[in-house]
Amino acid sequence: MKSKKDPGSSAGPNPGFSRRGFLGVGLGSGAVGVGLLEKPAVAEPAGAEVVGPQAVPVTLNINGKPVNLTLEPRVTLLDAMRNYIGLTGAKKVCDRATCGACTVMLNGKIVYSCTVLAIDAQGKEIQTIEGLAAPGELHPVSAAFWNNDAQQCGYCTPGFVMAATGFLKENPNPTDADVRHGLGGNFCRCGTYMGIRKAVLEAAETLKKGGASNG
Amino acid sequence: MQNFEYANPASLQQATALLAAKWGETDVLAGGTDLLSLMKEEIHTPKRVVNIKSIPELAGIRKAGAQVHIGALVTMDELAGSGDVPHALAAAAAGVPSPQIRHMGTVGGDLCQRPRCWYFRQGHGLLATKDGKPLIPNGENQYHAIFGGGPAYFVSASSLGPALIALNARIKLVSAKGSRELPVKEFFIQPKDDATREIALRPDEILTEIIVPAATHSSTYEVRQREALDWPLATASVALSMKGNTVAAARIVMGHVAPTPWESAAAAKALVGKPVNEETAQAAGKAAVAGAHPLSHNAYKVQLAKVAVKRALLDAVQARA
């Protein structure tokens, strides 16, 4: 378990983490392994204060809940989520703002979490695949991926579901061409694009009808 | 990524006070879409990173008379959706094919990003030499320059640069010592050695805004290999002053073909006094690439640049709602 004295290097993943062990664990218990600080959440770092390079308190608002961490400034949001919070839905693939597997929402807009510093994501609302639906339920976009066989190996899927959810918020009535363009920030190496496009168009219909879950 | 100290200034004054006078000591962080990758590859290893996203005066698009001021923190998404900027600029921003990059990437970052040349990104330096010999002219140069004649062969990766030059925009740079303005054209530099930056920004300066004159007939056209998540192979941005149906003056600038956005006076000259149609646009495209010197694997880019100029011109005279 992490202590708040941990150096918090992006090169040093959390010891004792079983990746599988965190699957299906919501954020409530996902705070295991987090250095819980006594201090209240810092909404805004002060003026021109310079912090680091050693680990400093960082508060992230993930899926509606504040999480207090102690991280070096170089730790990315993706590494913070995966290695320090146990939220492994966002995947680390290219780690260079190219493939989309790490896509999350920051203040309602999709971004590459591999290319946001965790310290920089403070004060913003972070939504991850884990926060998209209540435990045991499927978000309409996830359900549509299921219904349309929109994944093979599945590794890109969480990123695609987040990208598609962000896309549908801004484009509730998309054409097939809109979907192709709107998901241009994500790669599927299995080439399941046909299924993904069908899923996004189906999810658009479900969401328009009121967004019933489970297809 | 190497470790660094992180500063979060709330004003431009605080921010410029935190910047070093020498490259390599400090880096400015906005959207981070380039800087974080550079730091992960250890091409940049700053001791201090200065986040400028908390500086309110760098945000927003503001109209002032016939000009529009675009803050350095305006994202590509905001720019693409703005009704206040000339079409060539909005189209260039919309051309960035990843929504995630459009949400994160900023105007300042687009102009200050480092070359995407894979030799540079692998640590071979801007000019990519080994034992004093250039690696690019007979190397893996399929995406490299067809103009400029070396010794730099990377292409400027800026999406907005060509459009801003076509529109005769100016750029504002601020340091702790004062501020200066220069035409965007003078911002881009063809380095003759590895120590020179490819942009006129000094290490202790922050790009604060772009000032863009209004334009009625302008456009940007990009030629790409893929529709998703890739850099264009060649682009063209054009801005025209029309007198009735004929061109009174034109500025034609190609992108991704040289170490800087590449303006063609010959293409502009070929158009002046004529209407824009298939024939004249094609002639302008031909004139634009007349001086091209492709490398061993990128002669195909000559044709793409020619077509980009033609299509940008034809689009610039389309009526827009």
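Structure: above.
Residues numbered from 1 in each chain as written. Chains lettered and ligands numbered in written order. Predicted model: local features only at pLDDT ≥ 70, side-chain atom pairs only at ≥ 80, totals over all residues. Heavy atoms only, no water.

Novice: Got a minute to help me understand the interface of chain B and chain A in this structure?
Specialist: At the junction of the two partners, chain B supplies 35 residues and chain A supplies 39 residues. On the chain B side of the contact with chain A, Tyr-6, Gln-100 and Leu-229 of chain B bury the most area, a combined 23% of that side's loss. In this structure, the connection of chain B to chain A is made through 4 salt bridges. Between chain B and chain A we count 14 residue pairs in polar contact (both at pLDDT 80 or more) in total. Residue assignment for the side of chain B that touches chain A shows that the elements contributing at least two residues are β1 (5-7), α2 (35-40), β3 (48-51) and α5 (99-104) of chain B. The greatest single-element share of the side of chain B that touches chain A, amounting to 6 residues, is contributed by α5 of chain B. (Contact = heavy atoms within 4.5 Å. Buried area = accessible area lost by both parts, 1.4 Å probe. Salt bridge = Lys/Arg side-chain N within 4 Å of Asp/Glu carboxyl O. Polar contact = N/O pair within 3.5 Å; in protein donor to acceptor, adjacent residues only side chain to side chain. Helix = DSSP H or I, 4+ residues; strand = E, 2+ residues; numbered from the N terminus.)

Novice: Would you mind showing me how to read helix α12 (residues 300-316) of chain B here?
Specialist: Helical periodicity: at 3.6 residues per turn, an α-helix aligns residues three or four positions apart in one direction. Residues and elements named next belong to chain B. Along its 17 residues, α12 runs 25 Å from first to last C-alpha, staying within 8% of the 24 Å computed at 1.5 Å per residue. Among all positions in α12, only Lys-301, Val-302, Leu-304, Ala-305, Val-307, Ala-308, Val-309, Lys-310, Ala-312, Leu-313 and Ala-316 are buried. Contacts from the buried residues of α12 go to β11 (217-223), β12 (234-243), β13 (246-255), α10 (265-271) and α11 (278-288). (Expected span 1.5 Å × (residues − 1). Buried < 20%, exposed > 50% of the residue type's maximum accessible area, 1.4 Å probe, protein only.)

Novice: What is the right way to look at the packing of aromatic side chains in this model?
Specialist: Aromatic rings in a pair are described by how distant their centres are and how their planes are angled relative to each other. Counting across every chain of the model gives 4 aromatic pairs over all chains. Aromatic pair Phe-147 of chain B and Trp-262 of chain B: ring centres 5.5 Å apart, planes at 20°, arrangement stacked. Of this pair, Phe-147 of chain B sits in the loop between β7 (133-134) and α8 (161-166) while Trp-262 of chain B is found in strand β14 (residues 262-263), placing the two residues 115 residues apart along the sequence. Taking relative accessible area as the criterion, Phe-147 of chain B reaches 6% and is therefore assigned buried. Taking relative accessible area as the criterion, Trp-262 of chain B reaches 22% and is therefore assigned partly exposed. Judged by centre distance (5.5 Å) and plane angle (85°), the rings of Phe-187 of chain B and Phe-188 of chain B are edge-to-face. Phe-188 of chain B matches Phe-187 of chain B in its accessibility class, with the two residues each being buried. Cation over ring: Lys-91 of chain A sits above Tyr-155 of chain A, and NZ or CZ is 5.6 Å from the ring centre. (Phe/Tyr/Trp six-rings, centres within 6.5 Å; stacked < 30°, edge-to-face > 60°. Lys NZ or Arg CZ within 6 Å of the ring centre and 35° of its normal.)

Novice: Is there a simple way to think about the pairing of strand β3 (residues 65-71) of chain A in this case?
Specialist: Every other side chain in a regular strand lies on the same face of the sheet, so the side chains alternate between the two faces. Residues and elements named next belong to chain A. In terms of residue burial, β3 counts as a mostly covered element, since 5 of its 7 residues are buried. Where strand β2 (residues 56-62) lies against β3, 7 bridges are found, and the strand directions are antiparallel. Looking at the pairing, Pro-57 lines up with Thr-70 of β3. As consecutive antiparallel partners, β2 and β3 are separated by 2 residues, and within that stretch Asn-63 has a phi angle of approximately 50°, a positive value. (Pairing = 2+ DSSP bridges.)

Novice: Looking at this structure, how should I read the environment of Leu-167 of chain B?
Specialist: Residues and elements named next belong to chain B. Turning to its location among the elements, Leu-167 is positioned in the loop between α8 and β8 (170-175). Of the residues examined, Leu-167 reaches a relative accessible area of 4% and is grouped as buried. Setting aside residues up to four positions removed in sequence, Leu-167 forms contacts with Pro-86, Ala-88, Leu-89, Val-212, Pro-213, Ala-215, Ser-218, Ala-239 and Arg-251.

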